[in-house]
Amino acid sequence: MARPPVRIAIAGALGRMGRQMVEAVQADPRLALVARFHRPDSVGDGLVSRDDALAMADVVIDFTTPAASADLARFCANRGGPALVVGSTGFDAAELADIADAAKTIPIVRSGSFSLGLNMLVGLVEQAARALDANDWDAEIFEAHHRHKVDAPSGTALMLGQAVAGGRGVELDAVARRVRDGLIGARPAGEIGFAVARGGSIIGEHSVSFCTEGELVTLSHAAGDRIMFARGAIAAALWVADRSPGEYDMRDVLGFAAS
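Residues numbered from 1 in each chain as written. Predicted model: local features only at pLDDT ≥ 70, side-chain atom pairs only at ≥ 80, totals over all residues. Heavy atoms only, no water.

K.L.:
Hey, could you run me through the packing of aromatic side chains in this one?
P.N.:
Each aromatic ring pair is summarised here by two numbers: the centre-to-centre distance and the angle between the ring planes. Inspection of every chain in the model, using the stated rule, returns two aromatic pairs. Between the aromatic rings of Trp239 and Tyr248, the centroid separation amounts to 4.9 Å while the plane-to-plane angle is 80 degrees, which identifies the pairing as edge-to-face. Tyr248 carries the same exposure label as Trp239, and that label is buried. Here the guanidinium or amino end of Arg50 rests over the ring plane of Phe75, the centre of that ring lying 4.0 Å away. (Phe/Tyr/Trp six-rings, centres within 6.5 Å; stacked < 30°, edge-to-face > 60°. Buried < 20%, exposed > 50% of the residue type's maximum accessible area, 1.4 Å probe, protein only. Lys NZ or Arg CZ within 6 Å of the ring centre and 35° of its normal.)

As structure tokens, this is what we get:
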């Protein structure tokens, strides 16, 4: 018997990614777009209230802001559903704690990037970091995005930093260097550096370089169209619709986490 379409509500439906998600969901026969909502004061244009949207949906796809996503996670958990797919980035520790707490009650997929290619890059970076001695190979992460992006480094850059740190068996916060300015001295062994560019309409570019005496290895990914993020979010929504409570990421969705 065919599975009925998964009922989807879109949070932040008037935003850049919200509009992209609306189009992608409407084009997918495995899904049914049942509601669109935005900020509480947003009306018209087919929008409904958050309460009404959640009552109709199996899964909410949310590309909004960290504060709004954390609040939505709390609200969904308090009412016992629906499941969440969260693509917001730039969370602080308290917001992450709120999402983790909500995931005790509902299933949540949260990722710094929903791109399949980018998540493949994360796995490759972790393997390279494991193989290349941190005392000999310096790790540098570069990312570039459009002028409207408000958080830095990007959530994806931090995913890549976590991959380097995980491969090396260290905590990222203990070795990350997010800013360099002035007379900073020689680079310490084991440091993971970040560099950020913002400008124009760049959708997203990320690279990780491992540098040693006489050699440079660079692994990179460039986004050409936001539809790739929408495709990944749809895969996550289909996957999470019937999962048990927990906080998941795209490695779980793609089956990488167990490998």
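K.L.:
Where do I start with the pairing of strand β2 (residues 31–36) in this structure?
P.N.:
In the case of a regular strand, side chains alternate between the two sheet surfaces. Here strand β1 (residues 6–11) pairs with β2 via five bridges, running parallel. Bridge pairing in β2 links Ile8 to Leu33. On the question of chirality, the crossover connecting β1 to the parallel β2 by way of helix α1 (residues 16–26) is right-handed. (Pairing = 2+ DSSP bridges. Helix = DSSP H or I, 4+ residues; strand = E, 2+ residues; numbered from the N terminus. Right-handed = clockwise from strand over helix to strand, strands pointing away.)

K.L.:
Teacher, can you tell me more about the nonpolar core here?
P.N.:
Looking at soluble globular proteins, one finds that nonpolar side chains tend to be buried together. Counting residues in hydrophobic clusters, the biggest one holds 33 residues, and the most contacted among them are Ile8, Met21, Ile61 and Val85. Contributing elements (two or more residues each) for this core: β1, α1, β3 (59–62), β4 (83–86), α8 (227–240) and α9 (250–253). In this structure, Leu121, Trp137, Ala139 and Ile141 belong to the second largest nonpolar core, which totals 21 residues. (Core = buried A, V, L, I, M, F, W, Y, C linked by side-chain atoms within 4.5 Å.)

K.L.:
Where do I start with the sheet that holds β1 in this structure?
P.N.:
With parallel pairing, six strands are arranged side by side in an open sheet as β2-β1-β3-β4-β5-β11. The outermost strands of the open sheet, each flanked by one partner alone, are β2 and β11 (246–248). Averaged over all pairs of adjacent strands, the angle between strand axes in this sheet comes to 25 degrees, irrespective of strand direction. Running over the sheet, helix α3 (residues 66–79) touches β1, β3, β4 and β5 (107–110) and is turned about 170 degrees from β4. (Axes fitted to C-alpha atoms, helices over the stretch in contact; angles between N-to-C directions. Contact = heavy atoms within 4.5 Å.)

K.L.:
Help me out: how do you make sense of the sheet that holds strand β8 (residues 192–198) in this one?
P.N.:
Paired through backbone hydrogen bonds, the strands of a sheet run either parallel or antiparallel to each other. With mixed pairing, five strands are arranged side by side in an open sheet as β7-β8-β6-β9-β10. The open sheet is flanked by β7 (176–177) and β10 (215–222), the only strands paired with a single partner. Strand direction decides the pairing type here: strand β6 (residues 138–145) and strand β9 (residues 205–212), joined by seven bridges, are antiparallel. When the bridges of β9 are listed, Ala139 appears paired with Phe210. The sheet strands contacting helix α5 (residues 116–131) are β9 and β10, and the helix crosses β10 at an angle near 160 degrees.

K.L.:
What is the right way to read the pattern of salt bridges from this model?
P.N.:
Side-chain pairing between opposite charges can occur once the charged atoms of the two side chains come close. A full pass over the atoms with the stated rule returns 16 salt bridges. With its nearest N and O atoms 3.0 Å apart, the salt bridge here joins Glu126 to Arg130. Of this pair, Glu126 and Arg130 both sit in helix α5, four residues apart, which is roughly one turn of that helix. Relative accessible area serves as the criterion here: at 22%, Glu126 is assigned to the partly exposed category. Judged by its relative accessible area of 51%, Arg130 is exposed. Across the pair Asp151 and Lys149 runs a salt bridge whose closest N-O atoms are separated by 3.1 Å. Both residues of the pair, Asp151 and Lys149, count as buried. (Salt bridge = Lys/Arg side-chain N within 4 Å of Asp/Glu carboxyl O.)

K.L.:
What is the right way to read the layout of surface pockets from this model?
P.N.:
If you roll a probe as big as a water molecule over the atoms, it shows you where there is empty space left. The space that makes up the largest pocket amounts to roughly 1,200 Å³. Around the largest pocket, the lining comprises 48 residues; the ones closest to its centre are Met17, Phe63, Thr64, Thr65 and Ser88. Secondary-structure elements contributing two or more residues to the lining of the largest pocket are α1, α3, α6 (155–168) and α8. Of the residues forming the lining of the largest pocket, the biggest block, four residues, is contributed by α3. When grouped by side-chain class, the residues that make up the lining of the largest pocket number 18 nonpolar, 22 polar and eight charged. (1 Å grid on protein atoms, 1.4 Å probe; cavity = no way out; pocket = protein on both sides within 12 Å on 5 of 7 lines; lining within 4 Å. Points joined across faces, edges and corners; volume = space filled by probe spheres on them. Nonpolar A, V, L, I, M, F, W, Y, C, P; charged D, E, K, R; others polar.)

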